[in-house]
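A closer look at the structure
So you can see what is in the structure, the chains are spelled out below.
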Amino acid sequence: MEIVATAVALTLAVVLFWAGLEKVRHLTPFVSTLRQMGIPAGGAQPAALVLLGAELGVAVGLVLRPASAMTLTAVLSLAGAFAVSGLIALRRKQTVRCGCFGPYGNGYLGMNQIAAFPLWVGAVALLWVQGTPPPSGLRAASALAAVGLTLAALRAVHAVRAAHEARGDRRSADEMLVWLPR
Amino acid sequence: MVAVGVLALAVFVLFGVVIELYRDVRQLRDIAGVLDRPLDVDIGEVAGTPPSRYGLPHALDSVASAVVLFLSDRCGTCHALADGLKGHLPPGLWIVLEARSPDGAAQFLASHELTPNGRLSVDVAGQIAQRMGLRTTPVGFRVENGRLAGATTVPSRRYLSSILPNSVRLEPGAISAANERMSV
């Protein structure tokens with residue numbers, strides 16, 4: 001059971017690291033999402049930064065102190081914020097682009113965030129019941145390495161796919177441009 | 001271990017930058033119209049009919065799987081595709097060359113070291129394409145069990161090689177090698 005709890009904590013960490021690091025790289029889409037949600041222009045940027053910091057902080061907490069009350073409360077708070085944003089988005093007339101996982105996503109705020117809430121709560125309940133003690137220094141560092149390598153590997157798959165596609169385009173263009181009038 | 005984790009997270013971010021650059025390039029290529037993207041051609045009533053009905057070789061009516069590639073002497077990509085054949089038609093590929101004149105057809109074939117044969121025919125007046133309602137080249141028609149099954153544009157040699165039927169066969173020589181082992 002402890003293995004399951006550790007796997008759940010690290011999975012949540014992967015999700016939050018992904019979301020947070022994507023916002024570090026490109027915050028503008030997320031600021032735009034917050035503005036669409038009704039947050040005034042002056043407050044959207046600071047709010048985005050706070051949420052970004054919260055996501056990364058909670059991700060680190062899930063790696064280092066997965067069962068601590070503070071970590072689990074922070075996870076629940078974030079999940080609640082996501083669900084509420086989904087509810088607000090559903091009540092608005094216009095669709096709100098999510099921007100949750102950076103500029104690539106085509107998703108919209110709404111049902112997905114609401115549907116994810118029970119899953120977050122379930123995961124938190126499991127971590128709380130299991131009450132895994134904080135991992136030792138080496139185990140925590142290994143867990144951080146595992147999370148980082150998982151993220152890098154997932155992203156590498158996308159990068160290789162994009163490179164393959166670009167190569168196809170380039171070769172196709174080479175073949176066609178040879179015959180275009182100069 | 002902490003360093004590995006931090007570096008891996010940095011690699012994740014850098015991969016994100018690389019993907020974004022690829023997307024930018026693809027956007028520019030899309031604007032320039034140089035994407036390796038075939039388009040489906042709606043063949044309407046032609047679907048399910050035998051190729052010979054439109055003047056294509058009768059032998060096509062009995063093949064299990066083939067691609068009929070329509071080329072034109074006026075189309076740049078057609079020249080590139082013909083050039084890529086290096087004077088040899090791969091198995092499963094049939095070609096119809098539309099040309100403005102017999103001289104134009106001869107010039108096209110000579111420049112790409114191709115010779116008309118059972119699988120390469122010349123359609124000088126464009127009659128075959130006219131009967132099928134085809135006004136675009138290069139287009140590849142898929143023939144399955146002696147019937148025309150579908151068509152797409154063929155933007156590149158790479159794409160052409162990907163749509164050619166590949167017959168799955170046993171490795172030649174494997175049986176004789178096995179027999180030799182048995183006799184020893």
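A few points on the structure.

Reading the values: rules and limits
Residues numbered from 1 in each chain as written. Chains lettered and ligands numbered in written order. Predicted model: local features only at pLDDT ≥ 70, side-chain atom pairs only at ≥ 80, totals over all residues. Heavy atoms only, no water. Helix = DSSP H or I, 4+ residues; strand = E, 2+ residues; numbered from the N terminus. Buried < 20%, exposed > 50% of the residue type's maximum accessible area, 1.4 Å probe, protein only. Contact = heavy atoms within 4.5 Å. Areas by Shrake-Rupley, 256 points an atom, 1.4 Å probe, with all protein chains shown as cover. Buried area = accessible area lost by both parts, 1.4 Å probe. Salt bridge = Lys/Arg side-chain N within 4 Å of Asp/Glu carboxyl O. Nonpolar A, V, L, I, M, F, W, Y, C, P; charged D, E, K, R; others polar. Patch = residues over 30% accessible without salt bridge, like charges linked within 9 Å, V, L, I, M, F, W, Y side chains within 5 Å.

1. Some thoughts on the overall build of chain B
Broken down by element type, chain B carries 6 helices and 6 strands. Classification of the 184 residues of chain B by burial places 42% in the buried group. Of the contacts formed within chain B by residues at least 6 apart in sequence, a portion of 75% connects residues at least 24 apart. Taken as a whole, chain B presents about 10500 Å² of accessible surface, with 55% of it coming from carbon and sulfur.

2. Things to note about the interface of chain A and chain B
Counting from both sides, the interface comprises 35 residues of chain A and, opposite them, 30 residues of chain B. Here chain A and chain B share an interface that buries about 3000 Å² over both sides, 73% of which is from carbon and sulfur atoms. Here B:E20 ties to A:R25 by a salt bridge, and the two come within 2.7 Å at their closest N and O atoms. Top contributing element to the side of chain A that touches chain B by residue count: helix α6 (residues 137–177) of chain A, with 26 residues. Broken down by class, the residue content of the side of chain A that touches chain B amounts to 21 nonpolar, 6 polar and 8 charged.

3. A look at the environment of A:P29
Residue and element names in this part refer to chain A. Note on placement: P29 falls in helix α2 (residues 28–36). Here P29 falls in the partly exposed class, since its relative accessible area comes to 24%. Between the C-alpha atom of P29 and that of A48, which follows or precedes it by 19 residues, the distance is 10.0 Å.

4. Observations regarding a nonpolar patch on the surface
A surface patch of nonpolar side chains, amounting to about 400 Å² of accessible area, comprises A:L138, A:L149, B:M1 and B:V4. Tracing the backbone through its elements, the reader meets B:V4 in helix α1 (residues 2–32). For B:V4, a relative accessible area of 38% translates into the label partly exposed.

5. Remarks on the environment of A:R35
Residue and element names in this part refer to chain A. Examined against the element boundaries, R35 turns out to sit in helix α2. Considering only alpha carbons, one finds R35 and Q45, 10 residues apart in sequence, at a separation of 9.0 Å. Excluding anything up to four places from it in sequence, R35 contacts A41 and A44.

6. Observations regarding unusual backbone geometry
All names here are of chain B. Even without being glycine, E113 reaches a positive phi, approximately 55 degrees. When you line up the elements, E113 lands in the loop between α3 (102–111) and β4 (120–123). In this structure E113 comes out as exposed when scored by relative accessible area, which is 60%. Even without being a glycine, N145 presents a positive backbone phi close to 50 degrees. Tracing the sequence through the fold places N145 in the loop between β5 (139–144) and β6 (147–153). The exposed category is assigned to N145, whose relative accessible area is 62%.

7. Details of the pattern of salt bridges
Per the counting criterion, the structure on display carries 7 salt bridges over all chains. Between A:E165 and B:R26 there is a salt bridge; the shortest N-O distance is 3.5 Å. Of the two residues, A:E165 is situated in helix α6 and B:R26 in helix α1; the pairing between them involves two chains. What makes A:E165 partly exposed here is its relative accessible area of 41%. Residues B:R100 and B:D73 are paired through a salt bridge, measuring 3.8 Å at the closest nitrogen-oxygen approach. Highlighted residues: B:R100 in the loop between β3 (93–98) and α3 and B:D73 in the loop between β2 (65–72) and α2 (76–85), separated in sequence by 27 residues. Judged by relative accessible area, B:R100 falls into the exposed class, the value being 58%. Each of the salt bridges in this network shares a partner with another, and the network as a whole consists of A:E22, A:R25, A:R155 and B:E20.

This is a description of form; function is not addressed.
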